[in-house]
Amino acid sequence: MTATTETDVAGRVNNDKFTAAQVRVNREAVDSNTRRGGDIRVTLSPKTVRSCSGFGGILKLAPGDFITEHYHPYSEEFIHVVAGDLEMVLNGEPIALGANDSLMVPIGVRHRLVNVGTTEAHVVFHLSPLAPRPELGHVDTEEAQRPELANPDVGGHP
């Protein structure tokens, strides 16, 4: 899915040309990414809505499943737990999270998310600002659960 919008000479999106169809994205319209665990869907990104300040989406995590440890050298990550019981480990320090909890992961902090509950967890996430190039935005510190799979395509700066 790619939005078609007009941009000005600096590459910024001309907001007068937006339509509702270009900024609304349904979860089912984007590919699932399971490389690092869970079912991650990047719904709002430079690729899907030509965002230029960050990207975000949703995560479903089965009981016992986890997102492998990694860090973001350019972005803060904001997560909000909609449902489930999770443990986020920040630089080795565990933090219990439940429904309605939010957490900010600072730039450069190693983090790993585990579903410690008995039901599927649902999380909303956002990362900002964007890395200079998508491949620079994510550094694995443990092997991905499914290393044969590609990283999600979030697109680059519009």
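Residues numbered from 1 in each chain as written. Predicted model: local features only at pLDDT ≥ 70, side-chain atom pairs only at ≥ 80, totals over all residues. Heavy atoms only, no water.

Undergrad: How do you make sense of the sheet that holds strand S3 (residues 66–71) when you look at a structure like this?
TA: Backbone-to-backbone hydrogen bonds pair the strands of a sheet. The strands run either parallel or antiparallel. Strand order in this open sheet of five strands is S6-S5-S8-S3-S10, and the pairing throughout is antiparallel. Edge positions in the sheet fall to strand S6 (93–97) and strand S10 (139–140), since each of these pairs with one other strand and no more. When S3 meets strand S8 (residues 111–115), the two strands line up antiparallel, connected through three bridges. Directly across from Phe66, in S8, lies its bridge partner Val114. (Pairing = 2+ DSSP bridges. Helix = DSSP H or I, 4+ residues; strand = E, 2+ residues; numbered from the N terminus.)

Undergrad: What is the right way to read the nonpolar core from this model?
TA: The tendency in soluble globular proteins is for nonpolar side chains to be buried side by side. Judged by nonpolar contacts, the single largest core of 22 residues is most densely connected at Leu86 and Met88. Every element with two or more residues in this core is listed here: strand S1 (39–44), strand S2 (55–61), strand S4 (76–83), strand S5 (86–90), strand S7 (102–105) and strand S9 (121–128). When residues in this core are grouped by element, the largest group, four residues, is from S9. Residue contacts for Met88: discarding those within four places in its chain leaves Ile79, Glu93, Pro94, Ile95, Leu97, Leu103, Val105, His111, Arg112 and Leu113. (Core = buried A, V, L, I, M, F, W, Y, C linked by side-chain atoms within 4.5 Å. Buried < 20%, exposed > 50% of the residue type's maximum accessible area, 1.4 Å probe, protein only. Contact = heavy atoms within 4.5 Å.)

Undergrad: Can you help me understand the pattern of salt bridges in this one?
TA: If the charged atoms of two oppositely charged side chains come close together, the side chains can form a pair. Counted by the stated rule, this structure contains seven salt bridges. Here Arg110 makes a salt bridge to Glu69, at a shortest N to O gap of 3.4 Å. In this pair, Arg110 sits in the loop between S7 and S8 while Glu69 sits in strand S3, placing the two residues 41 residues apart along the sequence. With a closest N to O distance of 2.5 Å, Glu135 and Arg133 form a salt bridge. By relative accessible area, which is 52% here, Glu135 ends up exposed. (Salt bridge = Lys/Arg side-chain N within 4 Å of Asp/Glu carboxyl O.)

Read these as spatial facts, not as claims about activity.
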